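# Remarks on the overall topology
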Amino acid sequence: MASPADCLEGFLHTVTGPGIGVYWQPAGTPDPIDDHLRSVTPSMTTPGRVTVFVRGDQVATGIDPALRVNLLRDAGLRAGLQVKVVDANGDPVADADVERSVANALDLPVTSTRWAVDRVGVDAAGQVTGDGTPSAYLVLPDAVNAQRRAAVDAMAGRFSSVDEFMRAAEPGAGPHSAWHTLGAYLTAIHSVGATVPPAVADLLRQPMITPNQVVEAIGGPEGPQPARPDALQSHLQRHPGNFALVVGGEQIHALVPAGDGSLQWLPAGRNTPVPFAVDGAVDPFTELLEQPGARVLVLDPNGVRQETPPLGREPAGRSPINPPTGTTAGPQDQTRIGMWPEQTTSRLGLDAVDLGGVPTIMVDARFAKDAKATDSHKDLEPRQITAVTNAGFRHYIRDSRPLVISTADTPQTRETAARSGGVAVYPTKVATGLDVTSLWSMHVPGAAEPIVLGEGRLLTQTMVNRALHELGEMPALDNRVPEVLRNLLSLNSYEEARDYWSANFTELRSPAVGDAIDRLAGSVPASDRWLNVMKLAHTIAQRTDSFQHGPRPIEPTVRNSIDAEAALPAGVTVDLQFVFDFLTGRGLAPLAPGTEAPGPYQTRLLWDGRLFRMMLDGALPAGDAMVLANGVHGDDHSRATMDPGMFDASDSHAALLAAIRLLVDNSLAALQRGADGKGMDIGWEELTAQLAKCRNGEDRLVWHFRLRDVLQPHLAAAGLLDLSAPALSRLRNLIYLCH
């Protein structure tokens, strides 16, 4: 998890030339190189989209690791970055050893004006070129160079087998799975004499590529397309010669047939294949398949994507709740979280017990990446935390106490059982000297210590019966949640909630629904984004007479996030259409013919800018604005399928909104007291922690213009500009520092 320690010790300054770039100033004090660099960048050759200017003399003392973390956090951004090494005066460095050291330290290509045998010539757009005189040359990091070279050789047909490619791709090549997997793909299809798709061949003109680019070139799915490991295994074994590419997060790996009919992974950074295991608990590559946001491309021997029958998890029963995203219904009223291969159910004895018809949440536990092997109580990985928490809540609002059975003792399974009024059952081990005893334990709400159900590796019917007895002895729940609200709160996405509110507006805005939400708010954490949003939706519904109150939806008035939003016209009332348009980041049409619509990331920033202006102008109460800002990506579907980096970005934007709210309120209070505004606290500690999560320069840039063109005029009009100046200056520095 990000922390203030991830912040840069220096600043990233924007500089301009033929393209756009940033200069890393290593210290927090003025640096004479800055002005000089700004003066010489217009004459520098900086191909590509974004150039990072780095002092070569910093290599000897060590480049700040946080710079690498911040630059590499986003794969899409990384693919467009190049580095230019400069000396202490701001002039380009042409020392080959220094250039390579910087490339390896930052894991990014360094642009150079000099040719060498291991350098890649690029044109003015940063594309690899073999025609004419290149605009510049790129010194690729050793890791990228090794795998890119292997992919080029694969394209030329220099490998007779995938095994030969693996040996040539060099085991120390690091995490660059996109280049490695592209090389494996090219080797596989070349071995059968297939034609390489033009879009795939075009990737070889890129110095850096991402998993998404590989998927798009091959014609893969745009959104999640998961596959159950055992179903994918069965499909590939029934279709000899077929293979698969699996994308999870920023990794992409190939799964190919082995000679004996089994399957094997071709992971980056290995010079030999890794045998496939159907259980993600023992195979980290198979664990990628278990992510709800995974994308699986099944390819024929020619590398052409195949339309396959559904390979996802089919429900084996009926769940008494709407299953959270990525979970399935199992037999005996089960909601199954995780893959639950047959080996796991039989290994634990779960296939031989009768659960008595009690609603059950089954958790095939996967652990957070930072969990240590020696931890006795490991945290679940974030997606499973979302699933088990939401499953428990959905049982709770239906007045059903669930039995929670997990393959491991985790804090989240015990907390879910406690909050939903159920019982958690899990295996554990106790060491006595050199002896280790396997136990099954039970956690009952209100009990200080877990209750031992019995010894052994298998969960027996006697143990289950005791847990069922405990559930039966508990009093019935009576939360008095109207059915229409139960259905709303059990949905998985803001899109579903939008449609449900639109169809049931009158019933959902009733006082009984509001009273039930208030009661539930006291039984769940205050940070529950989903419930907070629905509470706000009910409040706003009280102020309007329909889902969309005005003749036109409220939406951003600009299409570039650095432009200032206009104030809402007088008399416009915020309605539920705006609430859900904001939360879903509804796509925006171009403002003028012949112009392009903004992409998804820019669209998100535009909606954030609209909310920011509405909060400052008072068109939306600040508390309501904060609920919406914190609610972005707070639905079950987003939490289950999106890159966690997106949550970090939305959290950092919400933290800035909260800080600015405090800045305005505290400045007004200081004015009324006749104070000077020095030492103003706008939540610096929390803000610093949240800003450590920021992703890229686009985030920083948008806040520069929001502060200058929206906030400062607002403060000036209110007579608060001088009072807020110290805090505003510190806020600016924090934004730059953490990017």
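As shown above, the structure is provided for reference.
Remember, it's a predicted structure, so these values are computed and weren't measured experimentally.

### Looking at the overall build of the chain
- Within the chain one finds 28 helices and 19 strands.
- Per-residue burial for the chain yields a buried fraction of 53% across its 739 residues.
- Across the chain, every contact between residues at least 6 apart in sequence was considered, and the portion connecting residues at least 24 apart equals 67%.
- In the structure as shown, the chain presents an accessible area of about 30800 Å², 52% of it carried by carbon and sulfur atoms.

### Details of the pairing of strand E14 (residues 334-337)
- The two faces of E14 match: Gln334 and Arg336 on one face and Thr335 and Ile337 on the other face are all buried.
- Note: strand E13 (residues 328-330) against E14, three bridges, orientation antiparallel. By the bridge assignment for E14, Thr328 is matched with Arg336.
- Hairpin geometry of E13 and E14 is characterised by an intervening segment of three residues between the two adjacent antiparallel strands and by a positive phi of about 60° at Gln332.
- With four bridges connecting them, E14 and strand E15 (residues 360-363) associate as parallel partners. When the sheet's bridge partners are listed, Thr335 is paired in E15 with Ile361.

### Here we look at the environment of Leu568
- Mapped onto the secondary structure, Leu568 falls in the loop between helix H20 (529-543) and helix H21 (576-584).
- It is 7.3 Å that separates the C-alpha atoms of Leu568 and Ala619, two residues lying 51 residues apart in sequence.
- What Leu568 contacts, discounting residues up to four positions off in sequence, is Ile554, Arg610, Met614 and Ala619.

### Some points on the sheet that holds strand E9 (residues 251-257)
- An order of E11-E10-E9-E8-E12 is seen for the five strands of this open sheet, with the pairing classed as antiparallel. The outermost strands of the open sheet, each flanked by one partner alone, are strand E11 (274-275) and strand E12 (295-299).
- Sheet contacts for helix H9 (residues 211-218): strand E8 (243-248), E9 and E12; angle to E12, the most-contacted strand, approximately 40°.
- Set on the sheet, helix H10 (residues 229-238) makes contact with E8, E9, strand E10 (263-266) and E12; between it and E12 the angle comes to about 10°.

### Quick notes on the packing of aromatic side chains
- By the definition in use, this model includes ten aromatic pairs.
- Between Phe578 and Trp607 the ring centres are 6.1 Å apart and the planes differ by 55°, which places this aromatic pair in the tilted class. Of the two residues, Phe578 sits in helix H21 while Trp607 sits in helix H22 (residues 600-617), which places them 29 residues apart along the sequence. Comparing Phe578 with Trp607, the two get one shared label, buried.
- An aromatic cluster is defined as three or more aromatic residues linked by ring pairs; in this entry it consists of Trp265, Phe276 and Phe285.
- Over the ring of Trp703 we find Arg706, and its NZ or CZ is 4.6 Å from the ring centre.

### Focus on the pattern of salt bridges
- What the rule picks out here adds up to 23 salt bridges.
- Here Arg366 ties to Asp364 by a salt bridge, and the two come within 3.1 Å at their closest N and O atoms.
- Its relative accessible area of 2% is what places Asp364 among the buried residues.
- Where Lys535 meets Asp518, a salt bridge forms, and the shortest distance between an N and an O atom there is 2.4 Å. Of this pair, Lys535 sits in helix H20 while Asp518 sits in helix H19 (residues 511-521); the two residues are 17 residues apart in sequence, bridging distant segments of the chain.

### Here we look at H19
- For H19, the set of buried residues is Val513, Gly514, Ala516, Ile517 and Leu520. Each buried residue of H19 sits inside an arc of 165° when the element is viewed along its axis, so together they form one side.
- Of the surrounding elements, those touching the buried residues of H19 are helix H13 (382-396), helix H16 (483-489), helix H18 (505-508) and H20.

### A look at H21
- The buried fraction of H21 is high, at nine of nine residues.
- Residues of H21 that are buried make contact with helix H17 (494-503), H18, H20, H22 and helix H23 (622-631).
- For H21, the N-terminal cap is Asp575; the gap from its side-chain oxygen to the backbone nitrogen of Gln577 is 3.3 Å.
- Backbone geometry just after H21 places Gly585 at a positive phi near 60°.

### Looking at empty space enclosed by the protein
- All chains considered together, the criterion is met by five cavities of 30 Å³ or more.
- Taken together, 14 residues make up the lining of the largest cavity; nearest its centre are Ser561, Asp563, Glu565, Gly609 and Arg706.
- Going through the elements one at a time, H22 and helix H27 (697-717) are the ones with two or more residues in the lining of the largest cavity.
- Grouping the amino acids of the lining of the largest cavity by side-chain chemistry returns eight nonpolar, two polar and four charged.

### Focus on the nonpolar core
- In this structure, Trp501, Met534, Leu576 and Phe580 are the most contacted members of the largest nonpolar core, which totals 82 residues.
- When residues in this core are grouped by element, the largest group, nine residues, is from helix H25 (residues 644-673).
- Once you skip the residues sitting within four places of it in the chain, Leu576 turns out to touch Trp501, Phe505, Ala537, Ile540, Ala541 and Phe547.

The rules behind the values
- Residues numbered from 1 in each chain as written.
- Predicted model: local features only at pLDDT ≥ 70, side-chain atom pairs only at ≥ 80, totals over all residues.
- Heavy atoms only, no water.
- Helix = DSSP H or I, 4+ residues; strand = E, 2+ residues; numbered from the N terminus.
- Buried < 20%, exposed > 50% of the residue type's maximum accessible area, 1.4 Å probe, protein only.
- Contact = heavy atoms within 4.5 Å.
- Areas by Shrake-Rupley, 256 points an atom, 1.4 Å probe, with all protein chains shown as cover.
- Pairing = 2+ DSSP bridges.
- Axes fitted to C-alpha atoms, helices over the stretch in contact; angles between N-to-C directions.
- Phe/Tyr/Trp six-rings, centres within 6.5 Å; stacked < 30°, edge-to-face > 60°.
- Lys NZ or Arg CZ within 6 Å of the ring centre and 35° of its normal.
- Salt bridge = Lys/Arg side-chain N within 4 Å of Asp/Glu carboxyl O.
- Arc of directions from axis to C-beta.
- Polar contact = N/O pair within 3.5 Å; in protein donor to acceptor, adjacent residues only side chain to side chain.
- 1 Å grid on protein atoms, 1.4 Å probe; cavity = no way out; pocket = protein on both sides within 12 Å on 5 of 7 lines; lining within 4 Å.
- Points joined across faces, edges and corners; volume = space filled by probe spheres on them.
- Nonpolar A, V, L, I, M, F, W, Y, C, P; charged D, E, K, R; others polar.
- Core = buried A, V, L, I, M, F, W, Y, C linked by side-chain atoms within 4.5 Å.

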